[in-house]
Amino acid sequence: MREETIRIKYHSNQIEKLTYIEGKSDWIDLRVAEDVTLKAGEFRLISMGVSMQLPQGYEMLLVPRSSTFKNFGLIQTNSMGVIDETYCGDEDIIRMPVYATRDTEVHVNDRICQFRIIQHQPTIHFDEKDSLGNKSRGGFGSTGVK
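What counts and how
- Residues numbered from 1 in each chain as written.
- Predicted model: local features only at pLDDT ≥ 70, side-chain atom pairs only at ≥ 80, totals over all residues.
- Heavy atoms only, no water.
- Phe/Tyr/Trp six-rings, centres within 6.5 Å; stacked < 30°, edge-to-face > 60°.
- Lys NZ or Arg CZ within 6 Å of the ring centre and 35° of its normal.
- Pairing = 2+ DSSP bridges.
- Helix = DSSP H or I, 4+ residues; strand = E, 2+ residues; numbered from the N terminus.
- Axes fitted to C-alpha atoms, helices over the stretch in contact; angles between N-to-C directions.
- Buried < 20%, exposed > 50% of the residue type's maximum accessible area, 1.4 Å probe, protein only.
- Salt bridge = Lys/Arg side-chain N within 4 Å of Asp/Glu carboxyl O.
- Core = buried A, V, L, I, M, F, W, Y, C linked by side-chain atoms within 4.5 Å.
- Contact = heavy atoms within 4.5 Å.

By the definition in use, this model includes 0 aromatic pairs. The positively charged end of K17 is found above the aromatic ring belonging to Y10, 4.0 Å away from the centroid.

Listed below in structure tokens is the structure:
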């Protein structure tokens, strides 16, 4: 496995340093850097308290943790955030855009989102065809019914 270095600036000395959870996943949890109270129906950009400089040619995928909705009633408003390597200034703080479905609170060090770093997609050439010549699986949403 190839290793990359990511420069990071912490904007809070209260949040735990980023680390892998050994043996569980290669996603890395981000921790809330501020106490936030939200009423049902409110939107907020919640600070994760870090800025990063990704390696050239990489981007970050930011998604909620699987327990975020259950524990906090929060939905990430853009479903998945994509942060590229140009978002790398000292004040380019990673934030999670959330919508509260119920009255809720998050506190410093709560884990509400996670990220992974991936290489940019290669340049794609589309080769247009009248038929792909493959058997249909039934269309989008057709699997897992029974």
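Before going further, it helps to examine the sheet that holds strand 9 (residues 95–100). Pairing is antiparallel in the open sheet, where 3 strands are placed in the order 4-9-7. Across the chains shown, the open sheet's two edge strands, defined by having one partner strand only, are strand 4 (43–47) and strand 7 (74–76). On average, each strand axis in the sheet is tilted by 40 degrees relative to the strand beside it, whichever way the strands run. The pairing of strand 4 with strand 9 spans 5 bridges and is classified as antiparallel. Residue pairing for strand 9: L45 is matched across the bridge by P97.

Once that is clear, we can look at the pairing of strand 8 (residues 81–84). The alternating pattern of strand 8 places G81 and I83 on a buried face and V82 and D84 on a face that is not buried. Pairing analysis gives 4 bridges linking strand 6 (residues 58–64) to strand 8, with the strands arranged antiparallel. Residue pairing in the sheet places L61 in a bridge with V82 of strand 8.

Inspection of the entire model under this criterion finds 7 salt bridges. Across the pair E16 and R31 runs a salt bridge, and its minimum N-O distance is 3.4 Å. Of this pair, E16 sits in the loop between strand 1 (7–10) and strand 2 (28–31) while R31 sits in strand 2, and the two are 15 residues apart along the sequence. Assessed through its relative accessible area of 44%, E16 is described here as partly exposed. In this structure R31 comes out as buried when scored by relative accessible area, which is 18%. One salt bridge in this structure joins D127 and K129, with 3.5 Å as the shortest N-O distance.

Judged by nonpolar contacts, the single largest core of 25 residues is most densely connected at L30, I46, M48, L74, I94, V106 and I112. Elements supplying a minimum of two residues to this core: strand 2, strand 3 (36–38), strand 5 (50–53), strand 6, strand 9 and strand 11 (111–119). Ignoring sequence-local partners within four residues, the contact set of L30 consists of L18, M48, V50, M52, L62, I94, D110, R111, I112, C113, Q114 and F115.

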